[in-house]
Amino acid sequence: MCTGKCAKCIGGALFPLALCSIVANILLYFPNGQIIEIDEITDFVWFFPGIAGGGILILLPAFMMFWAGGDGCCGNRCGMMLSVLLSAGGFIGAGYCTVISGYALAQGPLCETGNGKFEYPFRNDILTEHYLLNQTSWELCKKPENIVLWNLVLFSALLGLGAIDLLLCLIQVINGLFGCLCGTCIRHRQDNII
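All figures in this text were calculated on a predicted structure; none of them were measured in a lab. Within each chain, residues carry numbers counting from 1 in the order of the written sequence. The predicted nature of this model means local features are confined to residues of pLDDT at least 70 and side-chain atom pairs, given and counted, to a pLDDT of 80 or more, with totals for whole chains, interfaces and linings taken over all residues. Where side-chain values are given, they derive from all heavy atoms of the structure, hydrogens and water being excluded.

1. Describing the packing of aromatic side chains
For this analysis, a ring pair means two rings from Phe, Tyr or Trp (six-membered ring only for Trp) whose centres lie within 6.5 Å, classed as stacked if their planes differ by under 30 degrees, edge-to-face if by over 60, and tilted for the remaining angles. On inspection of all chains with the given rule, the structure shows five aromatic pairs. Between Phe-44 and Phe-47 the ring centres are 5.6 Å apart and the planes differ by 85°, which places this aromatic pair in the edge-to-face class. For the pair Phe-44 and Tyr-103, a centre-to-centre distance of 5.2 Å together with 85° between the ring planes defines the contact as edge-to-face. With Phe-44 in the loop between helix 1 (3-27) and helix 2 (49-68) and Tyr-103 in helix 3 (residues 77-107), this residue pair connects regions lying 59 residues apart in the sequence. Assessed through its relative accessible area of 4%, Phe-44 is described here as buried. Classification of residues uses two cut-offs on accessible area relative to the type maximum, computed with a 1.4 Å probe and protein chains only: under 20% is buried, over 50% is exposed, and between them is partly exposed. Taking the relative accessible area as the measure of exposure, Tyr-103 reaches 46% and is therefore partly exposed. Of the aromatic side chains, those joined through ring pairs into one cluster are Phe-44, Phe-47 and Tyr-103. Just above the ring of Tyr-120 sits the side chain of Arg-123; from NZ or CZ to the centre is 3.5 Å. A run of H or I in DSSP becomes a helix once it reaches four residues, and a run of E becomes a strand once it reaches two; helices and strands are each numbered from the N terminus. The criterion is that NZ of a Lys, or CZ of an Arg, lies within 6 Å of the ring centre and within 35 degrees of the ring normal, and then a charge sits over that ring.

So, to be careful, I would describe these as geometric facts and stop short of saying anything about function.
Below you can see the structure in the form of structure tokens.
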């Protein structure tokens with residue numbers, strides 16, 4: 001078992017996930033590719049779940065996992081310990097991304113409902129069914145066009161990416177602890193003995 005190789009694999013998997021989270025968060029600022037006013041953007045986008053939580057806080061442990069899994073100066077127990085600490089931070093970031101995205105999905109988007117004002121029509125208890133279960137209620141939002149679907153797809157993507165990040169960071173915490181206690185690669189240690 002080689003904890004260094006495992007760390008490199010997990011780090012390699014986290015890079016595209018973090019980049020996808022950042023892109024999804026940025027796309028939430030431009031519903032249907034349109035530039036809209038700042039006060040017309042759903043408030044949960046401003047919490048930066050994909051940029052901060054699923055992006056930056058995931059990229060940091062991903063870089064460390066790559067270095068800890070290598071043969072250089074960080075490919076040792078100290079490097080694995082640092083990867084454990086940064087993976088714990090990544091776990092917190094991924095959790096933040098998941099919670100904010102889930103809450104954004106539950107609350108619904110900010111939109112104009114036909115009265116000229118932007119509001120959150122799905123945050124009240126007027127509807128008998130939750131808007132996620134009742135697609136016909138999406139017609140309440142007139143502008144920006146298709147905002148409900150836009151937010152649903154992108155916040156769902158952030159929720160899924162955050163959940164995968166959570167799992168990978170947890171695996172790296174466990175892997176890093178083994179690497180810290182036992183060394184990064186048992187085969188490498190056996191080669192040095194012979």
